[in-house]
Amino acid sequence: MQRGQEHHADDHWDAGEMGCGELVIELRTRLRALAPRQVLRLVALDPGAREDIPAWCGMTGHALVHAAHPVYHIRRKEN
Amino acid sequence: MGRFCVSLTSAKDNRDKATVAFVVANAAAGSEQETMVFLSTEAVRLAVPGYADDIREDGFAPLAELMAKFAAAGGKIYVCSPCFKKRGLDETKLIAGATIVGGAKLVEFLAGGSPCVSY
């Protein structure tokens with residue numbers, strides 16, 4: 001995980017205040033829509049996102065390449 | 001893929017619980033877990049099309065929307081058969097993702113190795 005620099009993104013989603021299950025089920029759909037290794041820039045204002053996004057990436061296999069709440073860069077896994 | 005069960009016993013008698021149960025179910029389904037919501041006792045009413053349409057808790061998406069997203073993500077909804085029959089509901093009319101089951105189907109899912117959170 002890296003901080004303090006600009007990161008490339010292929011798509012962007014501002015999730016606003018959305019959190020918990022509502023956030024991750026939509027996040028799943030958005031990652032699936034990307035090609036393998038493409039990066040989504042996510043803005044998630046919900047305070048639970050700090051813990052949830054790294055946990056979600058760990059479970060699903062997508063890579064969290066940058067996290068500076070509320071901004072997260074997630075690289076889609078290969079399949 | 002791991003498994004995850006959410007057991008729910010409330011519908012309009014506790015809209016808060018019914019809503020949060022499906023938020024958590026969506027967290028599990030969204031995290032690529034094979035997820036099943038078990039509806040029993042009063043919660044079986046949620047399997048009737050249209051029933052959940054007016055359940056909207058502050059701070060959450062409408063319940064019908066949460067349930068539709070859950071089903072679209074491949075989530076399963078098991079509906080307790082005797083609970084459904086007891087209430088005189090029509091088993092030929094169910095929401096997307098719902099299946100009427102007996103206890104053996106629940107036991108099969110859990111005995112295969114699944115955590116379960118109850119509401």
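Calculation notes
- Residues numbered from 1 in each chain as written.
- Chains lettered and ligands numbered in written order.
- Predicted model: local features only at pLDDT ≥ 70, side-chain atom pairs only at ≥ 80, totals over all residues.
- Pairing = 2+ DSSP bridges.
- Helix = DSSP H or I, 4+ residues; strand = E, 2+ residues; numbered from the N terminus.
- Axes fitted to C-alpha atoms, helices over the stretch in contact; angles between N-to-C directions.
- Expected span 1.5 Å × (residues − 1).
- Buried ≥ 20, exposed ≤ 12 C-beta atoms within 10 Å, placed from the backbone.
- Contact = placed C-beta atoms within 7 Å.
- Nonpolar A, V, L, I, M, F, W, Y, C, P; charged D, E, K, R; others polar.
- Parallel < 35°, antiparallel > 145°, perpendicular 65-115°, else oblique.
- Left-handed = near helix turned anticlockwise from the far one by under 90°.

## Quick look at the sheet that holds strand E3 (residues 63-68) of chain A
Backbone hydrogen bonds are what pair the strands of a sheet, in a parallel or an antiparallel way. Residues and elements named next belong to chain A. Within the open sheet, the 4 strands sit side by side as E1-E2-E4-E3. Their pairing is mixed. Each edge of the open sheet is held by one strand with a lone partner, namely strand E1 (11-16) and E3. Direction aside, neighbouring strands of the sheet carry axes that sit 20 degrees apart on average. Bridge count between E1 and strand E2 (residues 39-44): 5 bridges; the pairing is parallel.

## A short note on the sheet that holds strand E3 (residues 76-80) of chain B
Residue and element names in this part refer to chain B. In space, the 5 strands of this open sheet follow the order E4-E3-E2-E1-E5, with parallel pairing throughout. What marks the edges here is a single partner per strand, and that holds for strand E4 (98-101) and strand E5 (116-118). Taken over all neighbouring pairs, the strand axes of this sheet differ in orientation by 25 degrees on average, direction set aside. The pairing of strand E1 (residues 3-8) with strand E2 (residues 34-39) spans 6 bridges and is classified as parallel. By the bridge assignment for E2, Cys5 is matched with Met36.

## Section: helix H1 (residues 15-30) of chain B
The terminal C-alpha atoms of H1 of chain B, which comprises 16 residues, lie 22 Å apart, in line with the 22 Å expected from a rise of 1.5 Å per residue. With 12 of 16 residues buried, H1 of chain B is to be regarded as a mostly interior element. Among the residues making up H1 of chain B, those that are buried are Ala18, Thr19, Val20, Ala21, Phe22, Val23, Ala25, Asn26, Ala27, Ala28, Ala29 and Gly30 of chain B. In this structure, the buried side of H1 of chain B is in contact with helix H1 (20-32) of chain A together with E1, E2 and helix H2 (63-72) of chain B. Directly beyond the C-terminal end of H1 of chain B, a positive phi value near 60 degrees is found at Glu32 of chain B.

## Focus: the interface of chain B and chain A
Interfaces are often sized by the accessible area lost when the parts come together. Each partner contributes residues to the interface: chain B has 12 residues there, and chain A has 10 residues. For the side of chain B that touches chain A, the leading source of residues is H1 of chain B, giving 7 residues. Partitioning the side of chain B that touches chain A into residue classes produces 7 nonpolar, 3 polar and 2 charged.

## Description of the packing of H1 of chain B against H2 of chain B
Residue and element names in this part refer to chain B. The interhelical angle for the contact between H1 and H2, taken along N-to-C directions, is 25 degrees, at an axis separation of 9 Å. Considering the angle they form, H1 stands roughly parallel to H2. Remark: the crossing between H1 and H2 carries left-handed chirality. Where H1 approaches H2, its residues Ala18, Thr19, Phe22, Val23, Ala25, Asn26 and Ala29 are matched on the opposing element by Leu63, Leu66, Met67, Lys69 and Phe70. Among the residues making up the contact of H1 with H2, the classes are represented as 9 nonpolar, 2 polar and 1 charged.

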